[in-house]
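Summary of structural features
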Amino acid sequence: MKKSSGNTKKGTKLYNVLFPLWMLMLFPQLWLIVLPGNFIIDSLVLIISLFALKIAGKKQFYKKHILKIFAFGLFSDIIGSAYMLFMVLVFEIGRMGDELYLTLPGLLISATLIFVFNYFITFRKCDRKIRLWMPIVFAVFTAPYTFLIPSSWIYY
């Protein structure tokens, strides 16, 4: 039997709200895993990209850009999560992670915002090649794919 948060509206039970966000609210200690985990992933993607694009001054480039990349990535993920939360709470559309028509747009919103923030803010002063490729790389490799994990795997 599935457990609900106890919140019902017109007979609709909210089995979950967001995949990483609801877990972070229920288990605040997960922030100790999520934040460093995202930072490590962003760092690895940046370091690999620096070598792949043969960028000089890798250490200085890393120090200059990593915090913006990390912050904009988290912010983008929160906006994608907020979209899914809005759709579930306001329009009562499905459960998070179980319906691709709900989670895929959230994922695409986050990935698009990762690209936009990095293109227009983080890498705006970089040369054309870096300014285009780095945001694409981050949008593809750091998008919140955890949105696609079905909530039914967690609640039985």
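Report follows, based on the coordinates.

Cut-offs used in this document
Residues numbered from 1 in each chain as written. Predicted model: local features only at pLDDT ≥ 70, side-chain atom pairs only at ≥ 80, totals over all residues. Heavy atoms only, no water. Core = buried A, V, L, I, M, F, W, Y, C linked by side-chain atoms within 4.5 Å. Buried < 20%, exposed > 50% of the residue type's maximum accessible area, 1.4 Å probe, protein only. Helix = DSSP H or I, 4+ residues; strand = E, 2+ residues; numbered from the N terminus. Contact = heavy atoms within 4.5 Å. Expected span 1.5 Å × (residues − 1). Bend = angle between axes of the 7 residues up to and from the residue. Axes fitted to C-alpha atoms, helices over the stretch in contact; angles between N-to-C directions. Parallel < 35°, antiparallel > 145°, perpendicular 65-115°, else oblique. Left-handed = near helix turned anticlockwise from the far one by under 90°. Nonpolar A, V, L, I, M, F, W, Y, C, P; charged D, E, K, R; others polar. Patch = residues over 30% accessible without salt bridge, like charges linked within 9 Å, V, L, I, M, F, W, Y side chains within 5 Å. Areas by Shrake-Rupley, 256 points an atom, 1.4 Å probe, with all protein chains shown as cover. Salt bridge = Lys/Arg side-chain N within 4 Å of Asp/Glu carboxyl O.

With that out of the way, let us pick up the nonpolar core. Core analysis: the largest hydrophobic core is formed by 16 residues, its most contacted members being Leu46, Ile55, Phe61, Phe123, Ile130, Met134 and Phe138. Those elements that provide at least two residues to this core are α2 (31-52), α3 (58-91) and α5 (128-141). Ranked by residue count, the leading element in this core is α5, at five residues. Residues contacting Phe61, with those up to four places away along its chain left out, are Leu46, Leu50, Ile55, Phe123, Cys126, Ile130 and Met134.

Moving on, we get to α3. The end-to-end C-alpha distance of α3, which contains 34 residues, comes to 47 Å, matching closely the 50 Å that a straight helix rising 1.5 Å per residue would cover. Of all the bends in α3, the greatest measures close to 40° and is centred on His65. One or two steps after α3, the chain reaches Glu92, where phi turns positive at roughly 55°.

The next point concerns the packing of α2 against α5. One can describe the packing of α2 onto α5 by two numbers: an axis separation of 11 Å at closest approach and a directional angle of 140°. The angle between the axes of α2 and α5 places the two elements in the oblique class. Crossing handedness for the pair α2 and α5: right-handed. Seen from α2, the contacting residues are Asp42, Val45, Leu46, Ser49 and Leu50; seen from α5, they are Met134, Val137, Phe138 and Phe141. In terms of residue class, the contact of α2 with α5 is built from seven nonpolar, one polar and one charged.

The next point concerns a nonpolar patch on the surface. There is a patch of nonpolar side chains on the surface, built from Leu100, Leu104, Leu108, Val140, Phe141, Tyr145 and Leu148 and spanning about 660 Å² of accessible area. It is helix α4 (residues 100-122) that contributes the most residues to the nonpolar patch, three residues altogether. Among the structural elements, Leu148 can be located in the segment after α5.

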